[in-house]
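Residue-level structural notes
What follows is each chain in one-letter form.
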Amino acid sequence: MSAISAQNLTKRYGKKHAVDGISFDIEQGEIVGFLGPNGAGKTTTLRMLAGLIKPSKGSSTILGKKVPSSSLLEVGTMIEEPSFYGYMTGRDNLRHAAKMHGGVSDKHIDEMLSFVSMDQASNKRVRAYSQGMRQRLGLARALLWRPKVLLLDEPTNGLDPVGIAEIRENLRTIAHEGVTILISSHILAELEKLVERILAVERGKLLYDGPLQQMLKRIDEKTVTYFLDALNPDALKYALSHLNIDFQSLDGGAIQVVIPQNDAASVISRLIQEGVQLIEARRITDNLEGAYLRLLKEDGRPV
């Protein structure tokens, strides 16, 4: 059973797609990075998974139950910048959250404050907290009811390098206890030290779902993109699969492939040898996906 599952998850605001047909499965105990520039659809996806907003199309499940359901009681969330009652202390904010959920002792609240290194500041009013302190308190709140699933949106915003390293170690500890974690970021370098699998999105579409190391290899490789159309699209797909060439289906039956530059010269002849009758084979000089991923490696901002 997948801990987190999304099937064709879509969210529209008017004519604009904030999230456009995203599908993925995350197994129990996995820690997965959700990567993309600001505005790519990461937060909207997390909000749908947490039951905070309703999808326009598609569905999601948490711990095998459709969202929304009682399974959300097993979820800890930290989505967008955490909000607290500024006139209350950090500890009192956590006590309030604990009462709303139920089943959380004061002892466990103190343990979570210590876990995120906020025990010394827990009796200060939150209005006096820095952004980094709010982020730490937000993580403590997300962990209060010992969740089986964590949905985290940019949890290290506002933290200095030491704080980022501490949160990273906290998340490793939690993952080792079997908690499933989906953590969003727009900075690849931040996720590189924490996760082994990446979901990469841009403009609401899922561009990549796979091992981090494979993604890094794709960034470093020089690639060429081809736009292909054939009399028999199914025959084209079969041939590409037989040749172990990854492809993406486009509207209208066309196919896009991204291949290493060294193989570019032979790809058309290999397809013809496989019996494919091509209508069009157009080489695209700029690989948008590759450019985007290389850009993410630099600073995470959209073009």
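Read on for a plain summary of the structure. Nothing here was measured: the structure is a model prediction, and the numbers come from that model. (Residues numbered from 1 in each chain as written. Predicted model: local features only at pLDDT ≥ 70, side-chain atom pairs only at ≥ 80, totals over all residues. Heavy atoms only, no water.)

**Comments concerning the overall build of the chain**
Stated precisely, the cut-off is as follows: We count a stretch as a helix when DSSP gives it H or I for four or more residues in a row; a strand needs E for two or more, and each element gets its number in order from the N terminus. Categorising residues by exposure relies on relative accessible area from a 1.4 Å probe, with only protein chains included: less than 20% of the type maximum marks a residue as buried, more than 50% marks it as exposed, and the intermediate range marks it as partly exposed. Whether two residues are in contact is decided by their heavy atoms, any of which lying within 4.5 Å being enough. For accessible areas, the Shrake-Rupley method is used with a probe of radius 1.4 Å. Any residue's cover is judged against the shown protein chains and nothing else. Under the convention used here, Asp and Glu are negative, Lys and Arg are positive, and both His and the chain ends fall outside the count. Where a charge lies is defined by one atom per residue type: Lys uses NZ, Arg uses CZ, Asp uses CG and Glu uses CD.
The number of helices and strands found in the chain is 10 helices and 14 strands. Buried positions account for 48% of the 303 residues belonging to the chain. At a minimum sequence separation of 6, the contacts of the chain that also span at least 24 residues come to 69%. Just so you have it, the chain exposes about 15,400 Å², and 48% of that area is on carbon and sulfur atoms. The positive charge centre, built from 38 side chains, and the negative charge centre, built from 36, are 6 Å apart in the chain.

**A closer look at helix α4 (residues 131-142)**
As a reminder, the rule being used: An expected span of 1.5 Å times one less than the residue number is assigned to each helix.
Spanning 12 residues, α4 covers 16 Å between terminal C-alpha atoms, matching the ideal 16 Å at 1.5 Å per step. Among the residues of α4, those classed as buried are Gly-132, Arg-134, Gln-135, Arg-136, Leu-137, Gly-138, Leu-139, Ala-140 and Ala-142. On its buried face, α4 is in contact with β6 (75-78), α2 (90-101), α3 (106-115), β7 (149-153) and α5 (161-176).

**Some remarks on the environment of Arg-197**
How we decide: Two N or O atoms form a polar contact when they lie within 3.5 Å of each other; inside protein one atom must be a possible hydrogen donor and the other a possible acceptor, and for residues adjacent in sequence the pair counts only when both atoms belong to side chains.
Tracing the backbone through its elements, the reader meets Arg-197 in strand β9 (residues 197-202). Sequence separation of Arg-197 and Gly-178 is 19 residues, and the distance between their C-alpha atoms is 16 Å. Among all residues touching Arg-197, those that are not within four sequence positions of it are Phe-24, Asp-25, Ile-26, Glu-30, Ile-31, Val-32, Gly-33, Asp-209, Gly-210, Pro-211 and Leu-212. A polar atom in the side chain of Arg-197 sits 2.9 Å from the side chain of Asp-209.

**Side note on the pattern of salt bridges**
Under the convention used in this document: Here, a salt bridge means any side-chain nitrogen of Lys or Arg that lies within 4 Å of a carboxyl oxygen of Asp or Glu.
Inspection of the entire model under this criterion finds 10 salt bridges. Of the charged contacts, one joins Arg-47 and Glu-80 as a salt bridge, the two residues approaching to 3.5 Å between their closest N and O atoms. Here Arg-47 is found in helix α1 (residues 42-49), whereas its partner Glu-80 is found in the loop between β6 and α2, with 33 residues between them in sequence. Put simply, Asp-92 and Arg-95 hold a salt bridge, and the shortest N to O gap is 3.2 Å. Note that Asp-92 and Arg-95 are positioned in helix α2 at a spacing of 3 residues, about one turn of the helix. We classify Asp-92 as partly exposed; its relative accessible area is 30%. Connected via shared salt-bridge partners are Glu-30, Arg-197 and Asp-209.

**Quick notes on the nonpolar core**
Quick reminder of the rule: Within this scheme, the nonpolar core is defined by two criteria: the residues are buried Ala, Val, Leu, Ile, Met, Phe, Trp, Tyr or Cys, and they are joined through side-chain atoms within 4.5 Å.
If you look at the biggest cluster of nonpolar residues, it comprises 42 residues, and the most contacted ones within it are Leu-144, Leu-171, Ile-181 and Ile-198. Residues within four places of Ile-198 in sequence aside, it is in contact with Gly-33, Leu-35, Leu-191, Tyr-208, Asp-209, Gly-210, Leu-212 and Met-215. Residues Val-32, Ala-50, Leu-63 and Leu-199 belong to the second largest nonpolar core, which totals 26 residues.

**Comments concerning the sheet that holds strand β1 (residues 2-13)**
Basically, it comes down to this: Note on pairing: two strands pair once DSSP finds at least 2 bridges between them.
Across the sheet, which stays open at both edges, the 4 strands sit in the order β2-β1-β4-β5 with antiparallel pairing between neighbours. Each edge of the open sheet is held by one strand with a lone partner, namely β2 (16-27) and β5 (65-66).

**Here we look at the sheet that holds strand β8 (residues 180-185)**
Rules: Angles here are taken between N-to-C directions and fall from 0 to 180 degrees, while the axes themselves are lines fitted to C-alpha atoms, restricted in helices to the stretch in contact.
Taken together, 6 strands build an open sheet; the order of strands is β6-β7-β8-β3-β9-β10 and the sheet is mixed. Lying at the two open borders of the sheet, with one neighbouring strand each, are β6 and β10 (205-211). With direction set aside, neighbouring strand axes in the sheet form an average angle of 15 degrees. Sitting on the sheet, α4 touches β6 and β7, and the angle it makes with β6 is about 165 degrees.

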